[in-house]
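Each chain, letter by letter, is given below.
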Amino acid sequence: MTDGESPLRRRSLKGINGALALIVVILVVQVWMLMASVETYLAGHHEAAVPGAVLSGLLFAGSALLLRYVNRLDRQSR
């Protein structure tokens, strides 16, 4: 960042950095949840498969929405 950047661009970059950090956390939780669900399913507890898949889908949707937000902020700051 240079000193000549606009305040809008600085705010946008902070928002983008925060959203990307949140996406990383969500994806780590999603992978953990998916691994736990598959492991539980393979252990013979088949009733845990559907809730795990649903939660994984919700986490994916949250990540996708955050990515759309990042793309919108990026376009606005240019």
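Residues numbered from 1 in each chain as written. Predicted model: local features only at pLDDT ≥ 70, side-chain atom pairs only at ≥ 80, totals over all residues. Heavy atoms only, no water.

K.L.:
Any chance you could explain helix α1 (residues 7-42) here in plain terms?
P.N.:
It helps to recall that an α-helix has 3.6 residues per turn; residues three or four apart then point in one direction. Over its 36 residues, α1 runs 53 Å from end to end, which matches the ideal 52 Å to within 8%, given 1.5 Å per residue. Turning to α1, its buried residues number three or more, namely Ser12, Ile16, Ala19, Ile23, Ile26, Gln30, Met33 and Ser37. Structurally, α1 contributes buried residues whose contacts are with α2 (49-77). Positive phi shows up at Gly44, right after α1, with a value of about 105 degrees. (Helix = DSSP H or I, 4+ residues; strand = E, 2+ residues; numbered from the N terminus. Expected span 1.5 Å × (residues − 1). Buried < 20%, exposed > 50% of the residue type's maximum accessible area, 1.4 Å probe, protein only. Contact = heavy atoms within 4.5 Å.)

K.L.:
When you look at the packing of α1 against α2 in this model, what are you seeing that I'm missing?
P.N.:
Between two packed helices, both the angle of their axes relative to each other and the distance between the axes serve to describe the pair. One can describe the packing of α1 onto α2 by two numbers: an axis separation of 9 Å at closest approach and a directional angle of 165 degrees. For the element pair α1 / α2, the angle class is roughly antiparallel. Helix-helix and strand crossings are classified by hand; for α1 and α2 the assignment is left-handed. Considered class by class, the residues forming the contact of α1 with α2 number 21 nonpolar, nine polar and two charged. (Axes fitted to C-alpha atoms, helices over the stretch in contact; angles between N-to-C directions. Parallel < 35°, antiparallel > 145°, perpendicular 65-115°, else oblique. Left-handed = near helix turned anticlockwise from the far one by under 90°. Nonpolar A, V, L, I, M, F, W, Y, C, P; charged D, E, K, R; others polar.)

K.L.:
Got a minute to help me understand the nonpolar core in this structure?
P.N.:
As a rule of thumb, nonpolar side chains are buried together in soluble globular proteins. Of all hydrophobic cores here, the largest spans eight residues; its members are Ile16, Ala19, Ile23, Ile26, Leu59, Leu66, Val70 and Leu73. Beyond its immediate sequence surroundings of up to four residues, Leu73 is in contact with Ser12, Gly15 and Ile16. (Core = buried A, V, L, I, M, F, W, Y, C linked by side-chain atoms within 4.5 Å.)

Without other data, these values stay purely geometric and don't point to any function.
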